[in-house]
Amino acid sequence: MNPQAKLIFVMSLFLGTTITISSNHWMTAWAGLEINTLAVLPMISKSHHPRAIEAATKYFLVQAAASALVLFSSMTNAWHTGQWDITQLTHPTSSLILTAAISMKLGLVPFHFWFPEVLQGSPLTTGLILSTAIKLPPITLLYMTSHSLNPELLTTMALLSIALGGWMGLNQTQIRKILAFSSISHLGWMAIIIVYNPKLTMLNFLLYSLMTAAVFLTLNSMKVLKLNTLITSWTKSPSLSSIFLLTLLSLAGLPPLTGFLPKWLIIEELTKQDMVPAAMMMSLLSLLGLFFYLRLAYCATITLPPHTTNHMKKWHTNKPVNISIAILTTLSLLLLPISPMIVTYL
């Protein structure tokens, strides 16, 4: 892609995100979401491969439907209450429609069907944007309307997301699809707590973005897309593969890594809200996700490739690790000791 065109798309992405997260009126928030959608579409389809074009088409159709629902929700609320302010979404029908719209934008169950396919058809760098930056404006809208959302509906969708994200990821061999189902599962953890403690949702999203960025950039550095090529990565970059193992375990939420912090705080908050059965179900269902993270970690570090391999090995080059990968990985592993300081801001 032309560097000037790429710069325009990235700047449009920043502009759309900034407009949405800083707006008070529904129309400006909607405009920001549309700018984001239009900025990402060329990034998805830049390879001109049929799978990339298919992914871009699916992404456009789903996001257009979700944006129409956001508009419909805000207009219904304005019709009944006379308010266009985002924080004044008080009509129950409007809040239900908005929950469905934002779930489509994010990829929460039962509106998850598009996300694995779109991620599979996108390059790794675009996949990183789709998994992290693109989800910030919809989550901000949920944060601003959290006081009027339906807790029972969000709890049901969250539990289904964690369950389906774990189950559907078990049988995958494509790493991008595994990370897509991982994202769906993590969104379930964010959705269940947004009504009770919205700041905790934002903390979870921030830490999830750090860990996912570290994973995507590591995979992009190793040029790996499938499990059978991940097996050969140890011989090319053993140090990066070792760090990749720890980042995956952090993404799975194992102590004493950073990924344990949001899960610990969310389970603690759910217990305070007398939602012990939901907390227990989430803890058990997260074991499904742990299985495929361990599978990825096993392929990356523990298995050595056989000598009679059928696919072409790349030339071994000991290039230095990118500084952004080093910073993100450090943050993905070592933030748990400062959790008391983080909790004081919640």
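Here the structure is a predicted model, which means the values were calculated and not measured.

**Description of the domain arrangement of the protein chain**
1) Next: Along its sequence, the protein chain is organised into domain 1 (1-138) and domain 2 (150-345).
2) Next: The interface of domain 1 with domain 2 comprises 25 residues on the first partner and 30 residues on the second.
3) Next: Together, the buried faces of domain 1 and domain 2 total about 2,300 Å²; carbon and sulfur atoms form 78% of this surface.
4) Next: Its largest share of buried area at the contact with domain 2, domain 1 owes to Val109, Gln120 and Leu124, together 30% of the area lost on that side.

**Description of a nonpolar patch on the surface**
1) Next: Judged by side-chain polarity, Leu7, Met11 and Phe14 come together as a nonpolar surface patch covering roughly 350 Å² of accessible area.
2) Next: Structurally, Leu7 can be placed in helix 1 (residues 3-22).
3) Next: Residue Leu7 is classed as exposed on the basis of its relative accessible area, which comes to 54%.

**A short note on the nonpolar core**
1) Next: Among the nonpolar cores identified, the biggest contains 98 residues, and Tyr59, Leu130, Ile192, Leu219 and Leu230 are the most heavily contacted of them.
2) Next: It is helix 10 (residues 198-222) that contributes the most residues to this core, 13 residues altogether.
3) Next: In terms of domain composition, this core takes at least three residues from each of domain 1 (1-138) and domain 2 (150-345).
4) Next: If we ignore the near neighbours within four places in the chain, the residues touching Leu130 are Val40, Ile44, Tyr59, Phe115, Val118, Leu119, Ser122 and Lys135.

**A few points about the packing of helix 9 (residues 175-193) against helix 15 (residues 276-302)**
1) Next: At a minimum axis distance of 11 Å, the contact between helix 9 and helix 15 shows a crossing angle of 160°. Classified by the angle between their axes, helix 9 and helix 15 sit roughly antiparallel to one another. In the crossing of helix 9 with helix 15, the sense of the turn from one axis to the other is left-handed. In this structure, helix 9 uses Ile175, Ile178, Ser182, His186, Trp189 and Ile192 to contact helix 15, whose residues at the interface are Ala278, Met282, Ser286, Phe292, Tyr293 and Leu296.
2) Next: In the contact of helix 9 with helix 15, the residues fall into nine nonpolar, three polar and no charged.

Criteria and cut-off values
Residues numbered from 1 in each chain as written. Predicted model: local features only at pLDDT ≥ 70, side-chain atom pairs only at ≥ 80, totals over all residues. Heavy atoms only, no water. Domains from an automatic or database assignment. Contact = heavy atoms within 4.5 Å. Buried area = accessible area lost by both parts, 1.4 Å probe. Patch = residues over 30% accessible without salt bridge, like charges linked within 9 Å, V, L, I, M, F, W, Y side chains within 5 Å. Areas by Shrake-Rupley, 256 points an atom, 1.4 Å probe, with all protein chains shown as cover. Salt bridge = Lys/Arg side-chain N within 4 Å of Asp/Glu carboxyl O. Helix = DSSP H or I, 4+ residues; strand = E, 2+ residues; numbered from the N terminus. Buried < 20%, exposed > 50% of the residue type's maximum accessible area, 1.4 Å probe, protein only. Core = buried A, V, L, I, M, F, W, Y, C linked by side-chain atoms within 4.5 Å. Axes fitted to C-alpha atoms, helices over the stretch in contact; angles between N-to-C directions. Parallel < 35°, antiparallel > 145°, perpendicular 65-115°, else oblique. Left-handed = near helix turned anticlockwise from the far one by under 90°. Nonpolar A, V, L, I, M, F, W, Y, C, P; charged D, E, K, R; others polar.

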